[in-house]
Protein chains: 4
Amino acid sequence: MYAYKRKAQYHETDKMGIIHHSNYIKWMEEARVEYMDFLGYGYDKAEENHIASPVAGLSIDYKKPVHFNDIVEVRVSVTRYSGVVQEVSYEFYNTTRDELSAVATSKHCYINDQGRVVNLKKVLPELDAKFAAEFAEYKASQES
Amino acid sequence: MYAYKRKAQYHETDKMGIIHHSNYIKWMEEARVEYMDFLGYGYDKAEENHIASPVAGLSIDYKKPVHFNDIVEVRVSVTRYSGVVQEVSYEFYNTTRDELSAVATSKHCYINDQGRVVNLKKVLPELDAKFAAEFAEYKASQES
Amino acid sequence: MYAYKRKAQYHETDKMGIIHHSNYIKWMEEARVEYMDFLGYGYDKAEENHIASPVAGLSIDYKKPVHFNDIVEVRVSVTRYSGVVQEVSYEFYNTTRDELSAVATSKHCYINDQGRVVNLKKVLPELDAKFAAEFAEYKASQES
Amino acid sequence: MYAYKRKAQYHETDKMGIIHHSNYIKWMEEARVEYMDFLGYGYDKAEENHIASPVAGLSIDYKKPVHFNDIVEVRVSVTRYSGVVQEVSYEFYNTTRDELSAVATSKHCYINDQGRVVNLKKVLPELDAKFAAEFAEYKASQES
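Heads up: these notes are all about the structure in this document. (Residues numbered from 1 in each chain as written. Chains lettered and ligands numbered in written order. Predicted model: local features only at pLDDT ≥ 70, side-chain atom pairs only at ≥ 80, totals over all residues. Heavy atoms only, no water.)

Details of the pairing of strand β3 (residues 71–81) of chain B
Residue and element names in this part refer to chain B. Within β3, eight of the eleven residues are buried, leaving the element largely enclosed by the surrounding structure. Across six bridges, the pairing between strand β1 (residues 2–7) and β3 is antiparallel. Of the residues in β3, the one forming a bridge with Tyr2 is Val76. Sheet topology note: the β3/strand β4 (residues 85–94) ladder contains nine bridges and is antiparallel. Of the residues in β4, the one forming a bridge with Val74 is Phe92. (Buried < 20%, exposed > 50% of the residue type's maximum accessible area, 1.4 Å probe, protein only. Helix = DSSP H or I, 4+ residues; strand = E, 2+ residues; numbered from the N terminus. Pairing = 2+ DSSP bridges.)

Structural notes on the relation of the copies chain A and chain B
Between chain A and chain B, which share one sequence, the superposing operator has a rotation angle of 180° and an axial displacement of 0.0 Å; the RMSD is 0.0 Å. What the rotation and shift describe, once combined, is the action of a two-fold rotation axis. The C-alpha atom lying nearest the rotation axis in chain A is that of Ser59(A); the distance is 2.0 Å. (Least-squares fit on C-alpha atoms with pLDDT ≥ 70 in both.)

Observations regarding empty space enclosed by the protein
Within this structure, the stated rule accounts for two cavities of 30 Å³ or more. Roughly 380 Å³ of internal volume is contained in the largest cavity. In this structure, the largest cavity is lined by 31 residues; those nearest its centre are Asn23(A), Lys26(A), Lys26(B), Lys26(C) and Lys26(D). Of all elements in the fold, only α1 (23–39) of chain A, α1 (22–39) of chain B, α1 (23–39) of chain C together with α1 (23–39) of chain D reach the threshold of two or more residues within the lining of the largest cavity. Looking at the lining of the largest cavity, the element that brings in the most residues is α1(B), giving three residues. Of the residues assigned to the lining of the largest cavity, the class counts are no nonpolar, 20 polar and eleven charged. Each pocket or cavity is described by its volume, and for the second largest cavity that value is around 70 Å³. Arg6(B), His11(B), Glu12(B), Asn23(B), Lys26(B), Arg6(C), His11(C), Glu12(C), Asn23(C) and Lys26(C) together form the lining of the second largest cavity. Among the secondary structure elements, those contributing two or more residues to the lining of the second largest cavity are α1 of chain B together with α1 of chain C. Per-class residue counts for the lining of the second largest cavity are no nonpolar, four polar and six charged. (1 Å grid on protein atoms, 1.4 Å probe; cavity = no way out; pocket = protein on both sides within 12 Å on 5 of 7 lines; lining within 4 Å. Points joined across faces, edges and corners; volume = space filled by probe spheres on them. Nonpolar A, V, L, I, M, F, W, Y, C, P; charged D, E, K, R; others polar.)

Regarding the relation of the copies chain B and chain C
For the pair chain B and chain C, the relating rotation is 180°, the translation along its axis is 0.0 Å, and the fit reaches an RMSD of 0.0 Å. An overlap of 100% is found between the interface residues of chain B and their copies at the interface of chain C, pointing to a shared contact surface. (Contact = heavy atoms within 4.5 Å.)

Some thoughts on the interface of chain A and chain B
Contacts between the two partners involve 22 residues from chain A and, on the opposite side, 22 residues from chain B. Together chain A and chain B conceal approximately 1700 Å² of surface at their shared face, both sides included; 57% is due to carbon and sulfur atoms. A per-residue breakdown of the area chain A buries against chain B is headed by Met16(A), His21(A) and Leu58(A), which together make up 26% of the total. Salt-bridge contacts for Lys15(A) lead to Glu47(B); the nearest nitrogen and oxygen are separated by 2.3 Å. Taken together, chain A and chain B are joined by eight residue pairs in polar contact (both at pLDDT 80 or more). (Buried area = accessible area lost by both parts, 1.4 Å probe. Salt bridge = Lys/Arg side-chain N within 4 Å of Asp/Glu carboxyl O. Polar contact = N/O pair within 3.5 Å; in protein donor to acceptor, adjacent residues only side chain to side chain.)

A short note on the pattern of salt bridges
In this structure the tally under the stated criterion is 36 salt bridges over all chains. Here Glu12(A) and Arg6(A) are joined by a salt bridge, their closest N and O atoms 3.0 Å apart. For Glu12(A), a relative accessible area of 3% corresponds to the buried category. Take Arg6(A): its relative accessible area is 10%, and that puts it in the buried class. Between Asp128(B) and Lys121(B) there is a salt bridge, with its nearest N and O atoms 4.0 Å apart. Overall, the relative accessible area of 45% leaves Lys121(B) in the partly exposed class. Counted as one network, the salt bridges with shared partners bring together Arg6(A), Glu12(A) and Glu30(A).

Some details on the side chain of Glu12(D)
Residues and elements named next belong to chain D. Inspection of the secondary structure puts Glu12 in the loop between β1 (2–7) and α1. Of the polar contacts made by the side chain of Glu12, one reaches the side chain of Arg6; its length is 3.0 Å. If we ignore the near neighbours within four places in the chain, the residues touching Glu12 are Arg6, Lys7, Ile18, Ile19, His20, Asn23 and Trp27.

A few points about the interface of chain B and chain C
The interface is formed by 16 residues belonging to chain B together with 16 residues belonging to chain C. When the two sides are added together, the surface that chain B and chain C hide from each other amounts to roughly 1600 Å², 47% of it contributed by carbon and sulfur. Where chain B packs against chain C, one counts four salt bridges. Across the pair Glu34(C) and Lys7(B) runs a salt bridge, and its minimum N-O distance is 2.9 Å. Where chain B meets chain C, there are twelve residue pairs in polar contact (both at pLDDT 80 or more).

Observations regarding the environment of Lys5(D)
All names here are of chain D. Inspection of the secondary structure assignment puts Lys5 in strand β1. Sequence separation between Lys5 and Glu134 is 129 residues, and the spatial gap between their C-alpha atoms is 19 Å. The residues touching Lys5, leaving out its near neighbours within four places in the chain, are Ile71, Val72 and Glu73.

Details of the sheet that holds strand β4 (residues 85–94) of chain D
Spatial strand order, β1(C)-β3(C)-β4(C)-β5(C)-β2(C)-β2(D)-β5(D)-β4(D)-β3(D)-β1(D): ten strands in an open sheet with antiparallel pairing. Each edge of the open sheet is held by one strand with a lone partner, namely β1 (2–7) of chain C together with β1 of chain D. Ignoring strand direction, the axes of neighbouring strands in this sheet form an average angle of 20°. Against the sheet, helix α4 (residues 125–143) of chain C engages β3 (71–81) and β4 (85–94) of chain C, with an angle of about 100° to β3(C). (Axes fitted to C-alpha atoms, helices over the stretch in contact; angles between N-to-C directions.)

Quick notes on the packing of α1(B) against helix α4 (residues 125–143) of chain B
Residue and element names in this part refer to chain B. Relative orientation of the contacting elements α1 and α4 amounts to 105°, with a least axis distance of 11 Å. Taken together, the axes of α1 and α4 lie roughly perpendicular to each other. Listed contacts from α4 to Tyr35, Met36 and Leu39 of α1 are Leu127, Lys130, Phe131 and Glu134. (Parallel < 35°, antiparallel > 145°, perpendicular 65-115°, else oblique.)

A word on the packing of α1(D) against helix α4 (residues 125–143) of chain D
Residues and elements named next belong to chain D. Where α1 meets α4, the axes come as close as 11 Å, and the angle between the chain directions of the two elements is 105°. Comparing their axes, α4 and α1 come out roughly perpendicular. Note on element contacts: α4 touches α1 through Leu127, Lys130, Phe131 and Glu134, opposite Tyr35, Met36 and Leu39. By residue class, the composition of the contact of α1 with α4 is five nonpolar, no polar and two charged.

Structure follows, in structure tokens:
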């Protein structure tokens, strides 16, 4: 688990006076990238090794609006992982208002330069081990 | 059902060379807004009547990447509707490549100026009738 | 000269209730891309020939706010052109409100795959001829 | 003068593989907002006092591309200030690559709820004093 802190920006607001819902999708990506840096294997390093991680799908439930200047902690976990398929989950916790703003998940696979799906265990074992450990931590937290 | 045509823009691409996945969420909103114009009751008119329609949640499955300059037809339908709760569904059909790019749904409620959830049947009966007719059309199409 | 029509989108508004100023920069690019299509030599074709056209600089004066659902006509002209350096100018005319929203210019050069500045006259003579003709038209319009 | 640090995000890249030029405009706003927080009078506080600060114009020169994950320091100064008219200047310094990425300026006025231009000296003397001091510091730095 990793918590990415993000300030809600003025240019992210809309005419309802709150953060536009499309920005949360960008924050999910930012959190995921920071998470990989935190794990010690950055997304840029995966790209240098010719591995990309497209988003296969995502879903999000919006619970409370986020306002300009609010600080949101995006808590990221690996909630499913097989080497080939990965699910990442997100809790958007608004620390300014002390409330949960949204929950979300995204699904990913890993592909090489030819766009072919690859198994991280084989192509990036170092990163695979980190994701596997994170997933194990998540499962343990669910059982306890 | 309504089909909204959209050209994929350069500023929407990312370093993978394809349209960044967050932009689809904006296209969903654009399609929804155009859909309401097409039905004859624009979102601006709802706002003038102090009714807003926040996104309560959404999910999307990405199937094929969209490239710069591709034309995407976003086909919108009302797939659930009660006056209080609405689900809108989207098919992203890439007419340049003749393939389905993505499918998505979004969930909405309707709120007044005080942020309280309202029943469209009561507060905007004209719009309610249009959504109800669209939902009926959708159900009929599923049964046939 | 070419006029690109664009509807101001909900996701482009900010909490002031108007279109956020950063979006005009994206509309400039959209207008430029459509302009090249209109001239018969699209930006995608330039890219296929390994020529890109980065923005070297831009300036914009905002005159009147644009609101959600307004139709803005972005009138594009080539106001300077030498084969190596190009200036494109933009008038943002709000046809919904019948007023000038903004005026802007952007500066461009052309580069090859190695990032080296090239002369369009040499590398893409077909596109060069079109830009030269547009620039001649602009100069003639200024003299009359 | 204030230096705002910003990591270049994946969703800000484009198919040239670099940060899309429109994002710099958003970073300017982010830097301005943080600058006001640093000065001790946040933009949210100005808004609570019914004063907004629209962008009247801006210009930017792009010097070197910024890449995904680069850290950019946006150095903000008040380079013109009269209480009614303000110019803010920006240096985008890429600390990852140790090079200047861009320089920019933006022009602002201050308006009340009726959209009328106001003099900060009269309506927000506390903020006016801070901007005046920053402008004095800038002028002194230019003379030395």
